[in-house]
2 protein chains.
Amino acid sequence: MLKLTKKADYGLIALRHLASIPTATASTKEIADTYHLPVPLLAKVLQRLTQTKILISVAGTNGGYRLARDASKISALEVVRAIDGPVILTHCFTDHGSCDQSDNCTVREPLRRVHEAILDVLNRFTIDDLAEPVAQPRASKLTPLPTPLHQVINSLQPVSN
Amino acid sequence: MLKLTKKADYGLIALRHLASIPTATASTKEIADTYHLPVPLLAKVLQRLTQTKILISVAGTNGGYRLARDASKISALEVVRAIDGPVILTHCFTDHGSCDQSDNCTVREPLRRVHEAILDVLNRFTIDDLAEPVAQPRASKLTPLPTPLHQVINSLQPVSN
DNA sequence: AGATACCGGACAGATTTAGTCCTGTATCGA
DNA sequence: TCGATACAGGACTAAATCTGTCCGGTATCT
């Protein structure tokens, strides 16, 4: 759980590809072949990205897709939403407003903050970031509950959905 | 996509409940009744939390569950992992090491960082935070791509899985 | 004992995701 | 103008996952 769908993966891979190649344009088949992705599925993903104004499609021979704007202006959040629909951490948010009839779902507000923090991470991450891996190795020690998250979360820019 | 399962929700609700009540102990039925949750399902969740040393179970009449340690020492990440299994942002990480045979899955490393940032958010968030909602209204304007995430992510504590 | 309550596996239904198929339309180039 | 290329998009199937139920079993308190 709490994972991206393969479609979202494929979308990010494709966008990164388009952001990296000199021609800036590639067809579904080209991209699918390069990364060994199922063509029809990738096609659908790219169509969706086109509908949501992230890609521009060019029909006909030598056609394909290209980014609708600069890679630094396309956030991972936008991509994920376009492909998978709205991001939902807890069911409370969407369903019928409140959990069951009782509004003693006391965790809702606190979870909203976690939710927003995660959205913020995705919102800040752009296709540009994907295209240029920093690739510096990092220490890998699990630090349990390091610093209070309150301030961290409170300082974040609100992001809906 | 990118959402918690209901089980994880239930677990968090139950833990928050236990952290809030004076007796510090409650049975499955009590909790389920309070929040209108399906008893057998919640039971399974609580069992899992017991297996993973987050809860302590007390059998017999007037038995139930209580937190195995202070609420401030139980992170949301730990809970989610206990209930839903490892958190996986991209399939690349887990599957067969590399996507397909080709290692041109160029997005893997960058996505790992997003992944870690999200884990970090969950890791810092504790049951304690759940129990004390700050409940201050916040401005809600979507700020697209505010600040470069590079430094933000680089400054985070590494968390595996 | 007997009632309460946890333990844990097996199982069924619903939902979501992954992937395929097929028909249609637009564009380029010969 | 014809034909190949490539996008558009709906319908459909299969697999995986999630949700929820049912059951017999064990521990503990009164």
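Below: a short report on this structure. Predicted model only: the values in this text are computed from it and were never measured.

**As for the nonpolar core**
Phase 1: By size, the foremost hydrophobic cluster in this structure holds 92 residues, and its most contacted members are A:L49, A:V79, B:L49 and B:V79.
Phase 2: In contact with B:V79, other than residues within four places in its own chain, are B:L12, B:L15, B:L49, B:I54, B:I74 and B:I127.

**Comments concerning the packing of helix α2 (residues 28–35) of chain A against helix α3 (residues 39–51) of chain A**
Residue and element names in this part refer to chain A.
Phase 1: Packing of α2 against α3 brings their axes to within 9 Å, and their N-to-C directions diverge by 125 degrees. Judged by the angle between their axes, α2 and α3 are oblique. Viewed along their axes, α2 and α3 form a crossing whose handedness is right-handed. Together, T28, I31 and A32 of α2 and V39, L42, A43 and L46 of α3 make up the contact between the two elements.
Phase 2: A breakdown of the residues in the contact of α2 with α3 according to their chemical character gives six nonpolar, one polar and no charged.

**Focus: the pairing of strand β1 (residues 55–58) of chain A**
Side-chain positions along a regular strand alternate between the two faces of the sheet.
All names here are of chain A.
Phase 1: Bridge count for β1 against strand β2 (residues 64–67) is four bridges, and the pairing is antiparallel. Within β2, the position partnered with I56 by the bridge is R66.
Phase 2: Between the antiparallel neighbours β1 and β2 lie five residues, among them G60 with a positive phi of about 85 degrees.

**Side note on the protein's contact with DNA strand D**
Phase 1: Surrounding DNA strand D, one finds 27 residues, the nearest of these being A:K44, A:Q47, A:Y65, B:K6 and B:K44.
Phase 2: Interatomic distance of 3.2 Å between a backbone N/O atom of A:T28 and a phosphate oxygen of DNA strand D.
Phase 3: Measuring from a base oxygen of DNA strand D, one finds a side-chain N or O atom of B:K44 at 2.7 Å.
Phase 4: Residues that form the surface near DNA strand D fall into these classes: eight nonpolar, 15 polar and four charged.

**Description of helix α1 (residues 6–20) of chain B**
Residue and element names in this part refer to chain B.
Phase 1: Here α1 is 15 residues long and its end C-alpha atoms lie 21 Å apart, about the 21 Å a rise of 1.5 Å per residue gives.
Phase 2: Burial of α1 is extensive: 11 of the 15 residues sit out of reach of the surface.
Phase 3: Taken together, the buried positions of α1 are A8, D9, Y10, G11, L12, I13, A14, L15, R16, H17 and L18.

**Concerning the protein's contact with DNA strand C**
Phase 1: Around DNA strand C there are 26 residues in total, and A:K6, A:K44, B:K44, B:S57 and B:Y65 lie nearest to it.
Phase 2: Take A:Y10: an N or O atom from its side chain is 3.2 Å from a phosphate oxygen of DNA strand C.
Phase 3: Here a phosphate oxygen of DNA strand C sits 2.8 Å away from a polar atom, N or O, in the side chain of B:Y65.
Phase 4: Going through the elements one at a time, α1 (6–20) and α3 of chain A together with α3 (39–51), β1 (55–58) and β2 (64–67) of chain B are the ones with two or more residues in the surface near DNA strand C.
Phase 5: Sorting elements by how many residues they give to the surface near DNA strand C places α3(B) first, with four residues.
Phase 6: Of the residues assigned to the surface near DNA strand C, the class counts are eight nonpolar, 14 polar and four charged.

So, how was this worked out
- Residues numbered from 1 in each chain as written.
- Chains lettered and ligands numbered in written order.
- Predicted model: local features only at pLDDT ≥ 70, side-chain atom pairs only at ≥ 80, totals over all residues.
- Heavy atoms only, no water.
- Core = buried A, V, L, I, M, F, W, Y, C linked by side-chain atoms within 4.5 Å.
- Buried < 20%, exposed > 50% of the residue type's maximum accessible area, 1.4 Å probe, protein only.
- Contact = heavy atoms within 4.5 Å.
- Axes fitted to C-alpha atoms, helices over the stretch in contact; angles between N-to-C directions.
- Helix = DSSP H or I, 4+ residues; strand = E, 2+ residues; numbered from the N terminus.
- Parallel < 35°, antiparallel > 145°, perpendicular 65-115°, else oblique.
- Left-handed = near helix turned anticlockwise from the far one by under 90°.
- Nonpolar A, V, L, I, M, F, W, Y, C, P; charged D, E, K, R; others polar.
- Pairing = 2+ DSSP bridges.
- Near = heavy atom within 4 Å.
- Polar contact = N/O pair within 3.5 Å; in protein donor to acceptor, adjacent residues only side chain to side chain.
- Expected span 1.5 Å × (residues − 1).

These figures come from the coordinates and say nothing about function on their own.
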